[in-house]
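This is what each chain is made of:
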Amino acid sequence: MAEFQKPRGTRDFAPEEMARRRFVEANMRRTAELFGFGEVMTPTFESTELFVARSGEGIIDELYAFEDKGSRKISLRPELTASVMRFYVNEMQNLPKPVKIFYFGNCFRYERPQAGRYREFWQFGAELIGAPSIESDAEVIALALATLKNLGLKDVVVRIGHLSILNKFIRDLKISDNAEKEARRLIDKRNFEDLRSMLDGANANDEAIARLIELVSLDGDEAIRRAKEEAGNNEGFGYLANLLERLRAYGFDNCQLDFGVARGLDYYTGMVFEIDAPSLGAEKQVCGGGAYTLADLFGGQEVNSTGYAFGFDRIMLALEKSGVTVPSQNLSVYILPIGDEAKITAIQILSELRNAGISADMDLMGRNMSKAMKYANSIGVTKTILIGDNELAENSVTVRDMRSGVQEKYPISDILRAFFKNIP
Ligand code: AMP
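Predicted, not measured: the structure shown is a model, and the values here were computed from it.

S.K.: Any chance you could explain the side chain of Ser305 here in plain terms?
M.R.: Structurally, Ser305 can be placed in strand β11 (residues 305-311). Apart from the residues lying within four places of it in its own chain, the contact partners of Ser305 are Met85, Leu128, Ile129, Gly290, Ala291 and Tyr292.

S.K.: Would you explain the site of the ligand in this entry?
M.R.: Lining the immediate surroundings of the ligand are 14 residues, of which Arg109, Glu111, Tyr118, Arg263 and Gln285 lie closest. With respect to the ligand, the side chain of Arg263 contributes an N or O atom lying 2.8 Å from an oxygen atom. Cys287 places a polar main-chain atom, nitrogen or oxygen, 3.5 Å from an oxygen atom of the ligand. The biggest single contributor to the shell around the ligand is strand β10 (residues 285-292), with 3 residues.

S.K.: Sorry if this is basic, but what is going on with the pattern of salt bridges here?
M.R.: A pair can form between side chains of opposite charge whenever their charged atoms are brought close. In total, this model carries 31 salt bridges according to the counting rule given. The network of salt bridges with shared partners includes Arg159, Arg190, Asp258, Arg263, Glu274 and Asp276.

S.K.: Even after reading the chapter, I still don't get the packing of aromatic side chains, so can you show me in this structure?
M.R.: Aromatic ring pairs are reported here in terms of the distance separating the ring centres and the angle at which the planes meet. All chains considered together, the criterion is met by 12 aromatic pairs. Judged by centre distance (5.9 Å) and plane angle (45 degrees), the ring pair of Phe104 and Phe124 falls under tilted. On the criterion of sequence distance, the pair formed by Phe104 in strand β5 (residues 99-108) and Phe124 in strand β6 (residues 120-129) is long-range, its members being 20 residues apart. The class of Phe124 is buried, set by a relative accessible area of 2%. Between the aromatic rings of Tyr308 and Phe310, the centroid separation amounts to 5.3 Å while the plane-to-plane angle is 75 degrees, which identifies the pairing as edge-to-face. Through pairs of rings, three or more aromatic residues link up here, namely Phe102, Phe104, Phe124 and Phe312. In this arrangement the basic side chain of Arg119 is found over the ring face of Tyr110, its NZ or CZ atom lying 4.0 Å from the centre.

S.K.: How should I be thinking about the layout of surface pockets in this particular structure?
M.R.: It is a probe the size of a water molecule, rolled over the atoms, that shows where empty space is left. As a volume, the second largest pocket reaches approximately 230 Å³. What lines the second largest pocket is a set of 18 residues, and nearest its centre among them are Asp137, Tyr239, Thr269, Ala291 and Asn304. Of all the secondary structure elements, the ones that give two or more residues to the lining of the second largest pocket are α4 (134-151), α10 (235-249), β9 (268-276), β10 and β11. Here the element with the most residues in the lining of the second largest pocket is β9; it accounts for 3 residues.

S.K.: Explanation requested: α10 in the structure shown.
M.R.: Given 3.6 residues per helical turn, the α-helix brings residues three or four places apart onto the same face. Helix length check: α10 (15 residues) gives 22 Å between terminal C-alpha atoms against 21 Å at 1.5 Å per residue, within 8%. Among all positions in α10, only Gly236, Phe237, Gly238, Leu240, Leu243, Leu244 and Leu247 are buried. The N-capping residue of α10, defined by a side-chain oxygen 2.6 Å from the backbone nitrogen of Gly236, is Asn234. One or two positions beyond α10, positive phi appears at Gly251, with a value near 100 degrees.

S.K.: It is not clear to me how helix α8 (residues 206-217) should be interpreted in this structure. Could you clarify?
M.R.: Here α8 contains 12 residues, and its C-alpha end-to-end distance of 17 Å stays within 8% of the 16 Å for a straight helix at 1.5 Å per residue. Taken as a whole, α8 has its buried residues at Ala208, Ile209, Leu212, Ile213, Leu215 and Val216. Within α8, the buried residues cover an arc of 160 degrees as seen down the axis, which keeps them to one side. Within α8, the exposed residues directed more than 90 degrees away from the buried face are Asp206 and Glu207. For α8, the secondary structure elements touched by its buried residues are α5 (163-171), α6 (177-188), α7 (192-201), α9 (220-229) and α10.

S.K.: Would you take a moment to explain the environment of Ile412 for this structure?
M.R.: Turning to its location among the elements, Ile412 is positioned in the segment after β16 (407-411). Each C-alpha atom, one on Ile412 and one on Gln348, is 9.7 Å from the other, the two residues being 64 residues apart in sequence. In contact with Ile412, other than residues within four places in its own chain, are Thr345, Ile349, Asn395, Ser396 and Val397.

S.K.: Before we go on, may I ask you to explain the nonpolar core in this structure?
M.R.: Most often, soluble globular proteins keep nonpolar side chains buried together rather than apart. Formed by 107 residues in total, the largest nonpolar core has its most connected members in Ile160, Leu195, Leu199, Leu212, Phe259, Ile275 and Phe310. Considering every element that reaches this core, the biggest residue donor is α4, with 11 residues. Filtering out sequence-adjacent residues up to four positions away, Leu212 remains in contact with Leu166, Phe169, Ile170, Leu173, Ile187, Leu195 and Leu199.

S.K.: Would you explain the pairing of β5 in this entry?
M.R.: The side chains of a regular strand alternate, residue by residue, between the two faces of the sheet. Most of β5 is tucked away, with 9 of its 10 residues classed as buried. Relative to β5, strand β1 (residues 38-39) runs parallel, the two being bridged by 2 bridges. In the strand pairing of β5, Glu39 is matched with Phe102.

Parameters at a glance
Residues numbered from 1 in each chain as written. Predicted model: local features only at pLDDT ≥ 70, side-chain atom pairs only at ≥ 80, totals over all residues. Heavy atoms only, no water. Helix = DSSP H or I, 4+ residues; strand = E, 2+ residues; numbered from the N terminus. Contact = heavy atoms within 4.5 Å. Near = heavy atom within 4 Å. Polar contact = N/O pair within 3.5 Å; in protein donor to acceptor, adjacent residues only side chain to side chain. Salt bridge = Lys/Arg side-chain N within 4 Å of Asp/Glu carboxyl O. Phe/Tyr/Trp six-rings, centres within 6.5 Å; stacked < 30°, edge-to-face > 60°. Buried < 20%, exposed > 50% of the residue type's maximum accessible area, 1.4 Å probe, protein only. Lys NZ or Arg CZ within 6 Å of the ring centre and 35° of its normal. 1 Å grid on protein atoms, 1.4 Å probe; cavity = no way out; pocket = protein on both sides within 12 Å on 5 of 7 lines; lining within 4 Å. Points joined across faces, edges and corners; volume = space filled by probe spheres on them. Expected span 1.5 Å × (residues − 1). Arc of directions from axis to C-beta. Core = buried A, V, L, I, M, F, W, Y, C linked by side-chain atoms within 4.5 Å. Pairing = 2+ DSSP bridges.

That's the geometry; what it means functionally is another story.
Spelled out as C-alpha cells, the structure:
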C-alpha cells in the first residue's frame, strides 16, 4: 500500500523543532504580558460570513470553506483578528477600556505553497481595543518591536504609513473605484512599473501619477523630511512625525516612514505598519498591522482598535537565518548503566534527578560505552552519568561533563551535588 503523505502546504514538526517553537512562543507571550496584554483563544473555525464581512467576497478563494452536516457555511480561520473582534462584540464590549489582548493560533489559507508560505501557518498577534489615541498606536508598535528585540532578532525593517496620506494621493488620480483598488494592490506589492502603466490606462492625471509614485518611493530620512514639511497640509504627516517621537521614547529609533504601506483592506482607518526580515527574500514580511474599526461591521458599537499579527513561522525562519540560537531540546543528562544490577541504580538516580527538576534519560538500547557517548553527543546533553561494576562496588557514579570531557566521581547518595554545587 502507498504511504500516506501530509497535505500540501502543511508541515510535521519533530521534537527539536517543537522545542524551538515553544521556546520562541513562550518568549513572545512573556513580552505581551509585560505590556499588560492578556491571552485569548477562539475557535479554529467560524462561520464563513464572518471572514467575508471582514475581507470581502474575494477572500472565499483563499479559504478552506465547507458546509458542515447541518448545512452551515463554515471556514477554517485564515487569520484571527476577525475571531477576536467577534469575541469582543459578543462578550467584551462592556469591559473597562482599553481591552488589551493577544493570541497565538494556527491559520489556514488555500495558497500556492512556497518557502515561507504555507497552507497551515501560525500567527501571534495583539489587539488594543477602545483607546483612540496616538499613544495606543505607539504602544502596539512598541509591543511588536519589543517582541522582536527580546527574541534577539535585529535584522528587521519597520515601515510605518498612514492611509489618509495614501488615500488623498489616490483620490487626486480621479479614477474609478475598481482602478483605485487595483492601485492599492500594486502599491502594496511595490510594483510601481505596473502601477504606472495601469494608471496611464485608466486615464489618471499625469501630474497626480508622478506625485503618487514619488511619494510611495520615498524612504528613510527623505520620508521623515517630507512628513515634517507637509505636517500642516495633511493630518497623516503630522501624526506620523509625532508617532516616531513616541517610539523613540520607548527606545525604538529604527522605524522608517513609508507612505506606500497600503495593507489592502478597507477597514484600516489611519496608521498602518509592516515589519520585514530582509533575509527571508520574497516572503520577507513577518508582521502587518494598523489602526482599524471592525466591531461595527460585526454588529457591535464602533470602537477604535489597533493590532497586528506576526507570521510565527517566518519569525522562526528569520531567527535561524540570523544565527540566533534557540534551544532545541531540554534534556540535560543521559545515564548509561553497564550490566543488569546497574540498571536498578540508574532508574533510582534517574528518578532523583527528575524529581529535582533536572531533565534526564537513561539508555534503553543496551549501547556500549563508545556508542553511548556518540549518542549522548548527538543529542547534546550536558552531562553523562556512567554506572559500571567499579562504580557499584564503591557506591559511586562517574559524571562526565560533555563539553569539557572532565570526569568526576560522586557518591550515589550525593549525586545532586554534581548539578547543584552549592548544596550545604
Ligand atoms: P496578514 O494577516 O495577511 O496580514 O498576515 C500577517 C502575517 O502572517 C504576514 O506578515 C506573514 O508573516 C504571515 N503570513 C500570511 N500568510 C502566510 C502564509 N500563507 N504562510 C506563512 N505565513 C503567512
